[in-house]
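# Observations on the three-dimensional arrangement
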Amino acid sequence: AFSSHVGGFFRAFRADGRSETLAMGEVDNSLAGGLSIQGAPWGRAKDTVGISLASNGLSKNRRSYLQMGALSFFIGDGKLNYQRETIFETYYSWALDDHISLSLDYQNIRNPAYNADRGPYQVIGGRVHWEY
């Protein structure tokens, strides 16, 4: 927490790329950060706006493997024109009452699956959260 209404995060990691990936996605190194701001400053104390940026990369070993035309668990299409994958995301969560909120999410993904021949892609999503 930076203040009573603003929070943030920073994450960095590096892996050697020699292990098979069976997780959310294939990433060998990453830098990510973001902010979350509660809506009290604009009179919507239960609303939240968020913004984040992530830059993900592959190790030299994994890049070489995929550039030879190999396939991995999540990525690979016969040719890899390698570039770091960059994801910008923002969302707004609108509280209808104490139990229900609606969220709208936007993502811009550059070089999806680390391939400069792909994207950028724009992704828009929505969510309903209900607690009882």
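Residues numbered from 1 in each chain as written. Predicted model: local features only at pLDDT ≥ 70, side-chain atom pairs only at ≥ 80, totals over all residues. Heavy atoms only, no water.

Turning our attention to the environment of Asn 111. Among the structural elements, Asn 111 can be located in the loop between β5 (100–110) and β6 (121–130). Its relative accessible area of 19% is what places Asn 111 among the buried residues. Apart from the residues lying within four places of it in its own chain, the contact partners of Asn 111 are Gln 83, Arg 84, Glu 85, Ala 116 and Arg 118. A polar contact of 2.9 Å, which involves the side chain of Asn 111, links it to the backbone oxygen of Arg 84. (Helix = DSSP H or I, 4+ residues; strand = E, 2+ residues; numbered from the N terminus. Buried < 20%, exposed > 50% of the residue type's maximum accessible area, 1.4 Å probe, protein only. Contact = heavy atoms within 4.5 Å. Polar contact = N/O pair within 3.5 Å; in protein donor to acceptor, adjacent residues only side chain to side chain.)

This model, assessed by the stated rule, comprises four aromatic pairs. Ring centres of Tyr 82 and Tyr 114 lie 6.3 Å apart, and the angle between their planes is 20 degrees; on these two criteria the pair is classed as stacked. Taken together, the residues Tyr 82 in the loop between α1 (60–67) and β4 (85–95) and Tyr 114 in the loop between β5 and β6 connect sequence positions 32 residues apart. Residue Tyr 82 shares its accessibility class with Tyr 114, and that shared class is buried. The residue whose ring lies beneath Arg 63 is Tyr 82, and the NZ or CZ to ring-centre distance is 4.6 Å. (Phe/Tyr/Trp six-rings, centres within 6.5 Å; stacked < 30°, edge-to-face > 60°. Lys NZ or Arg CZ within 6 Å of the ring centre and 35° of its normal.)

On to the nonpolar core, then. Core analysis: the biggest nonpolar cluster contains six residues, these being Leu 58, Leu 66, Ile 75, Leu 80, Tyr 82 and Tyr 114. Contacts of Tyr 114, omitting those with residues within four sequence positions, involve Glu 26, Val 27, Asn 56, Gly 57, Leu 58, Ile 75, Leu 80, Asn 81, Tyr 82, Gln 83, Arg 84 and Glu 85. (Core = buried A, V, L, I, M, F, W, Y, C linked by side-chain atoms within 4.5 Å.)

Mean pLDDT for the protein: 91, with 95% of residues reaching 70 or above. Taking the mean pLDDT of every element in the protein, the minimum, 86, falls on α1 and the maximum, 98, on β5. (pLDDT = per-residue confidence, 0-100.)

In this chain, Gly 119 is followed by Pro 120 through a cis amide linkage whose omega measures 5 degrees. Looking at the secondary structure, you find Pro 120 in the loop between β5 and β6. Positive phi, close to 60 degrees, is recorded for Ala 113, a residue that is not glycine. Looking at where Ala 113 falls in the secondary structure, it is placed in the loop between β5 and β6. Positive phi, normally seen in glycine, also occurs at Tyr 114, with a value near 65 degrees.

Before going further, it helps to spend a moment on the pairing of β4. With nine bridges connecting them, strand β3 (residues 44–57) and β4 associate as antiparallel partners. Across the sheet, residue Ser 52 finds its bridge partner in β4, namely Glu 89. As paired elements, β4 and β5 share ten bridges and run antiparallel to each other. By the bridge assignment for β5, Tyr 91 is matched with Asp 105. Taken together, β4 and the strand that follows it, β5, pair antiparallel across an intervening segment of four residues. (Pairing = 2+ DSSP bridges.)

What follows covers the sheet that holds strand β2 (residues 29–39). Taken together, six strands build an open sheet; the order of strands is β1-β2-β3-β4-β5-β6 and the sheet is antiparallel. For this open sheet the edge positions go to β1 (6–14) and β6, each flanked by a neighbour on one side alone. Each adjacent strand pair in this sheet contributes to an overall mean axis angle of 10 degrees, direction not counted. (Axes fitted to C-alpha atoms, helices over the stretch in contact; angles between N-to-C directions.)

Tracing the backbone through its elements, the reader meets Asn 29 in strand β2. A relative accessible area of 10% places Asn 29 in the buried class. There is a polar contact of 2.6 Å between the side chain of Asn 29 and the side chain of Arg 84. Here Asn 29 is in contact with Phe 13, Arg 14, Ser 55, Asn 56, Gly 57, Leu 58, Ser 59 and Arg 84, once residues within four sequence places are set aside.

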